[in-house]
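Each chain, written out:
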Amino acid sequence: MAGSALRRLMAEYKQLTLNPPDGIIAGPINEENFFEWEALITGPDGTCFEGGVFPAKLIFPPDYPLSPPKMQFTCEMFHPNIYSDGRVCISILHAPGDDPMGYESSAERWSPVQSVEKILLSVVSMLAEPNDESGANVDAAKMWREDREEFNRIAQRIVRKTLGIPT
Amino acid sequence: MSDSTETDENNKYNPGENQDDLILQQHRKIEKEISESIALIGNKEALSSLESEYSDDDIYRQKVQDLSNKYKSVRRTRPDGNCFFRAFAFAYLESLLDNQQEFAKFKDTKNCSIRGGVNLGFPQFTLEDFHDTFMEVVNVVGNGPSACDELYKLFNNSGYSDYVVVYLRLIASGQLQKEAEFYQNFIEGCRSVLDFCHQEVEPMFKESDHIHIIALSSALNVGVRVRYMDRGDSSEVIAHDFPEGSKVAVHLLYRPGHYDILYPSTS
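Residues numbered from 1 in each chain as written. Chains lettered and ligands numbered in written order. Predicted model: local features only at pLDDT ≥ 70, side-chain atom pairs only at ≥ 80, totals over all residues. Heavy atoms only, no water.

K.L.:
What is the right way to read the packing of aromatic side chains from this model?
P.N.:
For any two aromatic rings, the description comes down to two numbers: the centre-to-centre distance and the angle of the planes. All names here are of chain B. Under the criterion given, the structure shown has 22 aromatic pairs over all chains. Measuring from centroid to centroid gives 5.3 Å for Tyr228 and Tyr254, while their planes differ by 55°, and the two rings are tilted. Of this pair, Tyr228 sits in strand S3 (residues 223–228) while Tyr254 sits in strand S5 (residues 248–255), placing them 26 residues apart in sequence. One aromatic cluster is present, built from ring pairs that chain together Phe84, Phe85, Phe88, Tyr92, Phe106, Tyr228, Tyr254 and Tyr259. Lying across the ring of Tyr263, Lys44 places its NZ or CZ 4.2 Å from the centre. (Phe/Tyr/Trp six-rings, centres within 6.5 Å; stacked < 30°, edge-to-face > 60°. Helix = DSSP H or I, 4+ residues; strand = E, 2+ residues; numbered from the N terminus. Lys NZ or Arg CZ within 6 Å of the ring centre and 35° of its normal.)

Set out below in structure tokens:
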């Protein structure tokens, strides 16, 4: 089982290295273990996360790609779809039926033809357009809806922090 | 399935815990129990092995009786939501072991070429992996009847077996999308065919319905006869052939929520 997962992860890594999507770098933390990756995601232009470089960890299950990986930001984050411990909560990280969160039925789900690249691109769109219906971080969802200015201020502070600029 | 050592204390609602995670954990636990107790594809058993399951149920006993007039054995599959696809794949490939002419024809079909897969609209990069593993398993059939054990072993190795299931799911999905206009009529609610494929066909462990069976059997041009054994009035176990009027190559037994493989008495 883990043999086919390893083969697939190596192929995905190669693909991501040869054709990296804009603003995304990802690969195994240590080439001895292909089941733990680090990703660096650039905040999308024209959003409150613009300019930030956000590190995250991806952990792959032994039966990947039948089951999806888990993803967790390792820097401070404040976003409606990210738990306070950094775990990312979007539909593509769940197989259909695996979601007590109750995502919209039309939301994109995990299936074995999805890929790391698709996940990371979905995370970039999630940063640009939070879904305030699925509240992994209820405070962030509420502030996004009711006090956008304050939300943007916090996001900007986090952006500066990821760049090592005094906040 | 419940763990008797668990006390009430442990089952109390604790708002501090992530309930979603707990539900998923429980799902995993049930799945693990199933996977530890039932093989992906079981051994061939005499049809009478079904009788013991229904010793105190007249309706079902009568139906097993009817079934035993038509079929001599049954092969059970693991009830993990993939049972239709896995049962279909094993039963069909097993039938080709003795029918190398049909096997050669099958290998020539577009679904056995990677080009065909890409034409279904899936990214070549993720598709290749599944296609290659699928073909590895298919090629075993070329060794003839003596390869039966090898086929059985591969189907019980989840690394191969699950990849075969994924590939067949993609073929079914491709067929649904190709004839979306027709299949749209069978989809409940306001979901599009594409959404249906993404949510009910392509993901692993999602159960199969008529629509999956029609799509897969038409795409591969392989006839499937499903015997429906339920609580219905008739004393006969009703059969449906997919696609309608086709030459039947695969016989399956359906009991609510699950498919197993049947072997007719005549062959």
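K.L.:
Could you clarify how one ought to interpret unusual backbone geometry in this entry?
P.N.:
Generally, phi is negative for residues other than glycine and the peptide bonds are trans, each holding for most cases. The residue after Tyr64 of chain A, namely Pro65 of chain A, is reached through a cis peptide bond having omega 0°. On the secondary structure map, Pro65 of chain A appears in the loop between strand S3 (53–59) and strand S4 (70–73). The omega angle of the peptide bond from Phe242 of chain B to Pro243 of chain B is -20°, so this bond is cis rather than trans. Checked against the element boundaries, Pro243 of chain B lands in the loop between strand S4 (238–242) and S5. Of note in this structure, Phe205 of chain B is not a glycine but carries a positive phi near 70°.

K.L.:
What is the right way to look at the UniProt feature "site: Interacts with free ubiquitin" (unreviewed entry) in chain B in this model?
P.N.:
All names here are of chain B. Under the UniProt annotation, the feature "site: Interacts with free ubiquitin" (unreviewed entry) is placed at Ile214, Tyr228, Asp230, Tyr254 and Tyr259. Beyond its immediate sequence surroundings of up to four residues, Tyr228 is in contact with His210, Val237, Ile238, His240, Phe242 and Tyr254. Reaching out from Tyr228, the side chain makes a polar contact with the side chain of His210 at a distance of 2.9 Å. Topologically, Tyr259 is positioned in strand S6 (residues 258–264). In this structure Tyr259 comes out as buried when scored by relative accessible area, which is 3%. Setting aside residues up to four positions removed in sequence, Tyr259 forms contacts with Thr77, Cys83, Phe84, Ser208, Ile213, Val226, Leu252, Leu253 and Tyr254. (UniProt positions renumbered as here; feature names shortened; annotations may be inferred. Contact = heavy atoms within 4.5 Å. Polar contact = N/O pair within 3.5 Å; in protein donor to acceptor, adjacent residues only side chain to side chain. Buried < 20%, exposed > 50% of the residue type's maximum accessible area, 1.4 Å probe, protein only.)

K.L.:
Help me understand the state of the cysteines, please; the structure alone is not making it clear to me.
P.N.:
Throughout this description, disulfide means a covalent bond between two cysteine sulfur atoms. Residue and element names in this part refer to chain B. Counted under the stated rule, the structure contains zero disulfides over all chains. In this model Cys83 remains outside any disulfide bridge; the closest cysteine sulfur is found in Cys197, 19 Å from its own. By relative accessible area, which is 5% here, Cys83 ends up buried. (Disulfide = S-S within 2.5 Å.)

K.L.:
When you look at the interface of chain B and chain A in this model, what are you seeing that I'm missing?
P.N.:
Size of an interface: often given as the accessible area lost when the parts come together. Contacts between the two partners involve 26 residues from chain B and, on the opposite side, 27 residues from chain A. Together chain B and chain A conceal approximately 2,200 Å² of surface at their shared face, both sides included; 60% is due to carbon and sulfur atoms. Summed over the shared surface of chain B and chain A, the number is one salt bridge. Across the salt bridge formed by Asp129 of chain B and Arg7 of chain A, the nearest N and O atoms sit 3.1 Å from each other. Our count for the contact surface shared by chain B and chain A stands at three residue pairs in polar contact (both at pLDDT 80 or more). Those elements that place two or more of their residues in the side of chain B that touches chain A are helix H2 (19–37), helix H7 (124–140), helix H9 (158–178) and helix H11 (193–201) of chain B. The greatest single-element share of the side of chain B that touches chain A, amounting to six residues, is contributed by H9 of chain B. Of the residues assigned to the side of chain B that touches chain A, the class counts are 11 nonpolar, seven polar and eight charged. (Buried area = accessible area lost by both parts, 1.4 Å probe. Salt bridge = Lys/Arg side-chain N within 4 Å of Asp/Glu carboxyl O. Nonpolar A, V, L, I, M, F, W, Y, C, P; charged D, E, K, R; others polar.)

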